[in-house]
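Overview (structure and organization)
This is what each chain is made of:
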Amino acid sequence: RDVHFWKLSDGADFDKEARAAEMRSRPQWSVQALPPRKPAEQAQERAACKYLQQFTWQPTHHIWEEFEAPFLDMGTLVVGGPSKRFRLSLTNRGLSLANLHLEAMNCG
C-alpha cells in the first residue's frame, strides 16, 4: 500500500488542506461486480486448480524482506526458462525535479 506524506506550507489552512487531501484519496471510479461465470469458465477454473495442486507451495506467512532504500522487486526468473520483459512507468507528481537511479542486481 502506498503511503504519502505531505507537508503543510506556512500560513496554509489545515482544515482546507485536510479536506482536499481526503477528497484526493477517495476512489475516482466505482467498481462493478463481476458477471456470473459461464459453465465453460467454471470448468477451466476447476482444471487450473487441479493442475496447481500438484505443486508444493510456500507457507502463507510473511516472507518479505525489508530493504534500506526504495526497491522494486520484479519477481523471479529461471535460468533456461522463458524470458520476461518488464516495463516501469514512473510519474513525478511533485513540483520538483526527480533524480532516478535504476540498477539491475543478481541477473545471472
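Higher on the page you've got the structure.
The structure contained in this document is the topic of the report that follows. (Residues numbered from 1 in each chain as written. Predicted model: local features only at pLDDT ≥ 70, side-chain atom pairs only at ≥ 80, totals over all residues. Heavy atoms only, no water.)

Helix and strand counts for the chain come out as two helices and zero strands. Out of the 108 residues in the chain, the part that is buried amounts to 1%. Summed over all atoms, the accessible surface of the chain reaches about 12400 Å², with 55% contributed by carbon and sulfur. (Helix = DSSP H or I, 4+ residues; strand = E, 2+ residues; numbered from the N terminus. Buried < 20%, exposed > 50% of the residue type's maximum accessible area, 1.4 Å probe, protein only. Areas by Shrake-Rupley, 256 points an atom, 1.4 Å probe, with all protein chains shown as cover.)

Attention shifts here to the packing of aromatic side chains. With the rule as written, the count across this model stands at one aromatic pair. For the pair Tyr51 and Phe55, a centre-to-centre distance of 5.3 Å together with 80° between the ring planes defines the contact as edge-to-face. Using a relative accessible area of 40% as the deciding quantity, one classes Phe55 as partly exposed. (Phe/Tyr/Trp six-rings, centres within 6.5 Å; stacked < 30°, edge-to-face > 60°.)

A few words now on the pattern of salt bridges. All told, the structure shown has two salt bridges when counted by the stated rule. For the salt bridge of Glu22 with Arg26, the shortest nitrogen-to-oxygen distance reads 2.7 Å. On the basis of relative accessibility, which here comes to 35%, the residue Glu22 falls in the partly exposed class. Using a relative accessible area of 47% as the deciding quantity, one classes Arg26 as partly exposed. Between Arg37 and Glu45 there is a salt bridge, with the nearest N and O atoms lying 2.0 Å from each other. Residue Arg37 is classed as partly exposed on the basis of its relative accessible area, which comes to 44%. (Salt bridge = Lys/Arg side-chain N within 4 Å of Asp/Glu carboxyl O.)

What follows is about a nonpolar patch on the surface. Side chains of Leu72, Met74, Phe86, Leu88, Leu90, Leu100 and Leu102 sit close together on the surface and give an oily, nonpolar patch of about 700 Å² of accessible area. Turning to its location among the elements, Met74 is positioned in the segment after α2 (39-52). (Patch = residues over 30% accessible without salt bridge, like charges linked within 9 Å, V, L, I, M, F, W, Y side chains within 5 Å.)

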